[in-house]
Amino acid sequence: MKCVDDFRLRLGKQELVPIMIGGMGVDISTSALALEAARLGGVGHISDAMVPTVTDRRFNTKYVKDKLKQYKFNVENSDKSVVQFDLGLLAEATRMHVGKTMEAKRGDGLVFINCMEKLTMNAPKETLRTRMHAALDAGIDGITLAAGLHLGSFALMEDHPRFRDAKLGIIVSSLRALQLFLKKSARSNRLPDYVVVEGPLAGGHLGFGMDWAQYDLAAIVVEIRDWLRAEQLDIPLIPAGGVFTGSDATQFLEMGAGAVQVATRFTVARECGLPEKVQQEYFKANEDDIEVNQLSPTGYPMRMIKHCPAIGDGIRPNCEAYGYLLDAKGGCSYIEAYNREVAAHPGERRIKVWDKTCLCTQMRNFDCWTCGHNAYRLKDTTVRREDGGYQLLSAEHVFHDYQYSKDHKIALPELESIVLA
């Protein structure tokens, strides 16, 4: 019987442990988590979601404070078209976040950055180009194109000197999406180095409609695998979404996958950016606590724990400070929903908005608890402490459990003694 360690992911001349940790946004996939994956010989992701905000937290910069100061005059205005990101400062923040991470890298693995097309930032093409170029400038090993079709993203990078040097991949949820990407990117004369195939059980934003339950990751992987073989395209496939045990991963590797992408089990690692009080909510969640809803202003369905504080919270839009989801005209569906509720409840100090959420503020505050379908199983991956809480895990422990486990077994950590306050 094989385990994950019997396989290797080949990217160019490099051979890696075929485990990729997904890029969970707004510093949930921290540099520390990505660096552990790289140290252990796999691939880790940082995220470029709200990088100025993340940089403020990590390095005590003042990007958000200064942006709010610049646009404070517009806070009460429902028209947010005036709120723009300074591209020079955006590049500076990205280079700092990526550069500091790459300076700390050890081991034979790689660190990639997850780059969301739906992070439109009131100037979709310009900000996307800036973010990708700055990451390449700062030495990132690779870029994973996420949350969108990215039909023009290769064209935005092809003038960068590292365009053919860095590893570039795309996340898709269907063969059709991959075909569209390859067709539009053909003029760059460069194929993606890998394709992440994200299924319906993934966490956060999904590449499916509300009929997501009708789809199956293995079936999608087989369809794409067979098409690539027929087209004689040698591109590693990396299934993602619902890969909860090492045996789950091994099954995909035996099908011909190059690696697997995993994330949910790392949400309860010490290196993860979630506060421990939130991680304990992930441990406590039951299957019926997890839902797929349409609260995200991006238009994509999103999976989360349904009692998280973000749901129903009618916080005033913080676009002047954040504004990462503003479209090219300065619009956002949360702003529309918020203004509708304000108009419907005149004079009320605190309103409820149930159909959308202010994703920027809620993610920044770790109040939007996105998760994979199998998050309810996290309690089975650790031990219960004397105080009733669940013991956090090390990223190394989770990584090695994926790498070496068999028979769908999960290795539990040794119970650590704690000092009760």
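Quick note: structure is the one above.
Predicted model only: the values in this text are computed from it and were never measured.

## Comments concerning the environment of G109
Argument step 1. Structurally, the position occupied by G109 is in the loop between helix 4 (87-103) and strand 5 (110-116).
Argument step 2. G109 gets classed as buried once you look at its relative accessible area, which sits at 2%.
Argument step 3. When the C-alpha atoms of G109 and R39 are compared, they prove to be 5.9 Å apart, with 70 residues separating the residues in sequence.
Argument step 4. The contact partners of G109, leaving out residues within four places of it in the chain, are Q14, L16, A38, G41, G42 and D141.

## What about helix 4?
Argument step 1. Between the first and last C-alpha of helix 4 there are 24 Å, a value that for 17 residues agrees with the 24 Å anticipated at 1.5 Å per step.
Argument step 2. Listed in full, the buried residues belonging to helix 4 are L90, A91, A93, T94, H97, V98, G99, T101 and M102.
Argument step 3. For helix 4, the secondary structure elements touched by its buried residues are helix 1 (31-39), strand 4 (43-47), helix 2 (51-59), helix 3 (63-71), strand 5 and helix 5 (124-137).
Argument step 4. At the N-terminal end of helix 4, a side-chain oxygen is found 2.9 Å from the backbone nitrogen of G88, two or three residues along, and the residue is D86.

## So, the pairing of strand 8 (residues 194-198)
Argument step 1. Most of strand 8 sits inside the fold, with five of its five residues counted as buried.
Argument step 2. Burial along strand 8 is two-sided: the face carrying Y194, V196 and E198 and the face carrying V195 and V197 are both buried.
Argument step 3. Relative to strand 8, strand 7 (residues 167-172) runs parallel, the two sharing four bridges. From the neighbouring strand, G169 faces strand 8, where its bridge partner is Y194.
Argument step 4. At this point the chain moves from strand 7, through helix 7 (residues 175-185), to the parallel strand 8, and the crossover so formed is right-handed.
Argument step 5. Sheet analysis places strand 8 next to strand 10 (residues 237-240), joined by four bridges and oriented parallel. Counted as the bridge partner of V196 is I238 from strand 10.

## So, the packing of aromatic side chains
Argument step 1. Scanning the entire structure with this criterion turns up nine aromatic pairs.
Argument step 2. Ring centres of F85 and Y324 lie 5.0 Å apart, and the angle between their planes is 45°; this geometry places the pair in the tilted category. Residue F85 is found in the loop between helix 3 and helix 4, and its partner Y324 is found in the loop between strand 14 (312-313) and helix 11 (333-344); the two are separated by 239 residues along the sequence. An identical accessibility class is assigned to F85 and Y324; each is buried.
Argument step 3. Here the aromatic residues F154, F163 and F181 are joined through ring pairs into a cluster of three or more.
Argument step 4. Just above the ring of F163 sits the side chain of R190; from NZ or CZ to the centre is 5.5 Å.
Argument step 5. Sitting over the face of the ring of W212, R303 holds its NZ or CZ atom 4.6 Å from the ring centroid.

## A few points about the packing of helix 7 against helix 8 (residues 217-230)
Argument step 1. Two elements in contact, helix 7 and helix 8, have axes whose closest approach is 9 Å; the angle formed by their N-to-C orientations is 40°. Considering their axes alone, helix 7 and helix 8 lie oblique with respect to each other. Along the contact surface, helix 7 presents L175, L178, Q179 and L182, while helix 8 presents E223, I224, W227 and L228.
Argument step 2. A breakdown of the residues in the contact of helix 7 with helix 8 according to their chemical character gives six nonpolar, one polar and one charged.

## What about the environment of R162?
Argument step 1. Summarising the element assignment, R162 is placed in the loop between helix 6 (153-157) and strand 7.
Argument step 2. Linking R162 and G139, residues 23 residues apart in sequence, is a C-alpha distance of 8.9 Å.

## Observations concerning the side chain of R131
Argument step 1. By the element assignment, R131 lies in helix 5.
Argument step 2. Overall, R131 belongs to the buried group, its relative accessible area being 2%.
Argument step 3. Contacts of R131, omitting those with residues within four sequence positions, involve D48, L90, T94, C115, M116, L119 and M121.

## Comments concerning the pattern of salt bridges
Argument step 1. As enumerated under the stated definition, the model contains 22 salt bridges in all.
Argument step 2. Taking the shortest distance from any N to any O, the salt bridge between E36 and R39 comes out at 2.7 Å. Separated by three residues within a single helix, E36 and R39 lie in helix 1, roughly one turn from each other.
Argument step 3. Given the relative accessible area of 37%, R39 is considered partly exposed.

## Some details on the pairing of strand 4
Argument step 1. In terms of burial, strand 4 is largely enclosed, as five of its five residues are buried.
Argument step 2. Judged by which residues are buried, strand 4 turns out to be covered on both faces: V43, H45 and S47 on one side and G44 and I46 on the other are all buried.

## Here we look at the sheet that holds strand 12 (residues 290-293)
Pairing between sheet strands relies on hydrogen bonds along the backbone, with the strands arranged either parallel or antiparallel.
Argument step 1. What the three strands build is an open sheet, ordered 9-13-12; its pairing is antiparallel. The open sheet has two free edges, formed respectively by strand 9 (204-205) and strand 12, since each of these has just one partner strand.
Argument step 2. Direction of pairing for strand 9 relative to strand 13 (residues 302-305): antiparallel, over a ladder of two bridges. Among the inter-strand pairings, G204 is bridged to a residue of strand 13, identified as R303.

Rules and cut-offs
- Residues numbered from 1 in each chain as written.
- Predicted model: local features only at pLDDT ≥ 70, side-chain atom pairs only at ≥ 80, totals over all residues.
- Heavy atoms only, no water.
- Helix = DSSP H or I, 4+ residues; strand = E, 2+ residues; numbered from the N terminus.
- Buried < 20%, exposed > 50% of the residue type's maximum accessible area, 1.4 Å probe, protein only.
- Contact = heavy atoms within 4.5 Å.
- Expected span 1.5 Å × (residues − 1).
- Polar contact = N/O pair within 3.5 Å; in protein donor to acceptor, adjacent residues only side chain to side chain.
- Pairing = 2+ DSSP bridges.
- Right-handed = clockwise from strand over helix to strand, strands pointing away.
- Phe/Tyr/Trp six-rings, centres within 6.5 Å; stacked < 30°, edge-to-face > 60°.
- Lys NZ or Arg CZ within 6 Å of the ring centre and 35° of its normal.
- Axes fitted to C-alpha atoms, helices over the stretch in contact; angles between N-to-C directions.
- Parallel < 35°, antiparallel > 145°, perpendicular 65-115°, else oblique.
- Nonpolar A, V, L, I, M, F, W, Y, C, P; charged D, E, K, R; others polar.
- Salt bridge = Lys/Arg side-chain N within 4 Å of Asp/Glu carboxyl O.

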